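Each chain is listed here by its residues.
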Amino acid sequence: MKLVELASTIRSKNAGVDHITFDIICSDKANYERVKSSGALTKQSVAQLFRVSEDRIASFVVFEPAQAIKFTIRREMPSGCQGETDMFGSQQYAPLFDVEIP
Amino acid sequence: MKPVRIICPTGHLGTTPLEKGSFELGCAAKPDYIIADSGSADIGPYPLGADKSSSDEVWQRHDLEHMLLAARELKIPMIIGSASDTGTDRGVDQYVGLIKDIAKQHKLGPFNLSYIYSEIPVDDLRKRVRSGERLRGLTGRPDADDAVLARTGRAVAVMGADPIRNALRDGADVIIAGRSSDPAIFAAPLLEAGHSFANAYFCGKAMECASFCGEPFMGKETILGRAEADGVYVTAMHPGQRCTPASVASHAMYERIDPFREYVPEGYLDMSKCHYEQVDPKTTRVTGQTFVKGDKVWVKIEGSGKVAERALFIVGIRDPHTITNIDRAIDWAKGKLTERFGAPGGQYNVFYHKYGQNAVMGASEPPTNGKPNELGIVVEVTCQDARLAETICHIAAKNLFYARLPDVKGTAGTAAIMSDEVLHARAAYEWTLNHAIEVDDPLSLFRPHRETVRS
């Protein structure tokens, strides 16, 4: 099943000027447990998905109170530099939709 | 300590107007304070660097007016943080002017106005660094040196609760603060009322984006936060919204790297043992937060500097063969630029933002077999000289029109031009400082003023 069918929220946003943070929230407990235990989302797998080196994954956290998996990618340049593609970092999450969850 | 009730009608005053319905409900719920933050580092480096607000004054005035009239009628204090997007001296002065103007327009009775500047001259930072003081880099940045400061045009210090606590103690009815930590403007009155650092800062953190801590998603609606002896309560005021454990917890991690810790000048809020409970259909209570005091006080410094002038040009591509070969067309265009102006990265930079392919995600875009019908390309050129930026941008775009690809069928021009003009864009700025300095006195970097406003 694809992550987009199991998650209630998939979003990205700047976390300060040097990072973009990604939140995957499953409001349904069963879906959350399934996504969490699937092993489909790890520091390595998201680095590959977003085509960045693993050292740019600044953080990868499971946050139980929100039933969320959260990871953060360090920007190559601070937000709003020349050549910026997404000032707020708010449209970077689409590749997560198609992640296969066994 | 006594229970304190705060309403917050907007997560960033001025971007779009607050919603009146839920604000009126909030005012009817017997608040002790009306508080909102009006700035962010989210808006890019341009506003701070150029010292311009990113919000329309029409909406800034709209919200200040609603809040001021309600605060004066209820006879409760009002606090605004990070005035006018940047929290610079300009922003504070603008909001002070608006407050006085609104008071005069409505013939309000006298009230005490405190305003607190937080800009810090780059020369001041330079002196500190040269005397051996550390301007510590945050988020993995190196400590700031002369070179970084040379690229910095304007900087602000981010105030914590102390300058605002002082203003409250001084009898302020309205406080306009320069750049401030979002939770701190809420924590200040709670600390004054004797609440713990943990509850005061957690309440601020939960409230600072207003209705974003509720569900379903709504912006610009009012929420009510209460600090009591037994925890922090957050209630959504809009009839269609509620604060749930999930929505409040989701907000705790919003726009943050670490959902468990929130750093403020005095130390950090530890949320790793927070417990969220639904106590009524619209209210969630949070307990378990703790505060870890640092042995030093660190004040965050944000700084921005101008990098170059910018020009833009928009072209469309519809020929499927050109679309397939767009990178070759762009390389050809860059070759033409190199002939005349040297390689990109020298006296200019050029970016081809290919909407329809990977303009939004750049190198992170996964490879796809799909091919769009058309591409929209925004050509961006940066250069020290504005006129030269325009000249280079013009031919960076026009060379797509003349691109020489083998087997091309469309020999009358390989780009569609929507409007044959170079658009003069805002200058390019950069966040040069995301740093912190250690201070003995958390008030020392901030300049408070006070007057009585009589209309």
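See above for the structure.
The rules we used
Per chain, residue numbering runs from 1 following the sequence as it is written. The order in which chains are written sets their letters, starting at A; the order in which ligands are written sets their numbers, starting at 1. For this predicted model, a pLDDT threshold of at least 70 governs which residues receive local features, and a threshold of 80 or more governs which side-chain atom pairs are given and counted, while totals over whole chains, interfaces and linings are taken from all residues. Strand pairing requires that DSSP identify at least two bridges connecting the strands. The numbering of helices and of strands both runs from the N terminus, where a helix is a DSSP run of H or I of at least 4 residues and a strand a run of E of at least 2. A fitted line through C-alpha atoms serves as each axis, taken over the contacting stretch for helices, and the angle formed by two N-to-C directions is quoted from 0 to 180°. For classification purposes, angles smaller than 35 degrees are called roughly parallel, those larger than 145 roughly antiparallel, those between 65 and 115 roughly perpendicular, and all remaining angles oblique. Less than a right angle of anticlockwise turn of the near helix away from the far helix marks a crossing as left-handed, whereas a clockwise turn marks it as right-handed. Once C-beta atoms have been placed from the backbone, residue pairs whose C-beta atoms lie within 7 Å are recorded as contacts. Charged residues are taken to be Asp, Glu, Lys and Arg, nonpolar residues to be Ala, Val, Leu, Ile, Met, Phe, Trp, Tyr, Cys and Pro, and polar residues to be all remaining types, Gly included.

**Q** Report on the sheet that holds strand 2 (residues 33–39) of chain B, specifying residues and quantitative values.
**A** All names here are of chain B. Pairing is mixed in the open sheet, where 10 strands are placed in the order 12-13-9-8-1-2-3-7-4-20. If you trace the sheet from one side to the other, it starts and ends with strand 12 (275–280) and strand 20 (447–453), each paired once. Ignoring strand direction, the axes of neighbouring strands in this sheet form an average angle of 20°. Pairing of strand 4 (residues 111–117) with strand 7 (residues 174–177) involves four bridges; the strand directions are parallel. Of the residues in strand 7, the one forming a bridge with I116 is A177.

**Q** I'd like a rundown of the sheet that holds strand 3 (residues 57–63) of chain A, residues and numbers included.
**A** Residue and element names in this part refer to chain A. Across the sheet, which stays open at both edges, the four strands sit in the order 1-2-4-3 with antiparallel pairing between neighbours. Either end of the sheet is taken by a strand with one partner, and the two such strands are strand 1 (9–14) and strand 3. Shown here is a sheet whose adjacent strand axes are inclined to one another by a mean of 15°, direction ignored.

**Q** How would you sum up the packing of helix 8 (residues 182–192) of chain B against helix 9 (residues 197–207) of chain B? Please name residues and give values.
**A** The relative placement of two packed helices is expressed as an angle between their axes plus a distance between the axes. Residue and element names in this part refer to chain B. Relative orientation of the contacting elements helix 8 and helix 9 amounts to 140°, with a least axis distance of 7 Å. Put simply, helix 8 runs oblique to helix 9. Like other packed secondary-structure pairs, helix 8 and helix 9 cross with a definite hand, here right-handed. Note on element contacts: helix 9 touches helix 8 through N199, A200, Y201, C203, G204, K205 and M207, opposite D182, P183, A184, I185, F186, A187, L190 and L191. Its residues assigned to classes, the contact of helix 8 with helix 9 comprises 11 nonpolar, two polar and two charged.

**Q** Describe the packing of helix 3 (residues 57–74) of chain B against helix 4 (residues 89–105) of chain B, and please don't skip the residues or the numbers.
**A** Residue and element names in this part refer to chain B. Between helix 3 and helix 4, whose axes approach to 10 Å, the crossing angle comes to 55°. Put simply, helix 3 runs oblique to helix 4. Viewed along their axes, helix 3 and helix 4 form a crossing whose handedness is right-handed. Residue-level contacts link Q60, R61, L64, E65 and L68 of helix 3 to Y95, L98, I99 and I102 of helix 4. Looking at the contact of helix 3 with helix 4, its residues break down into six nonpolar, one polar and two charged.

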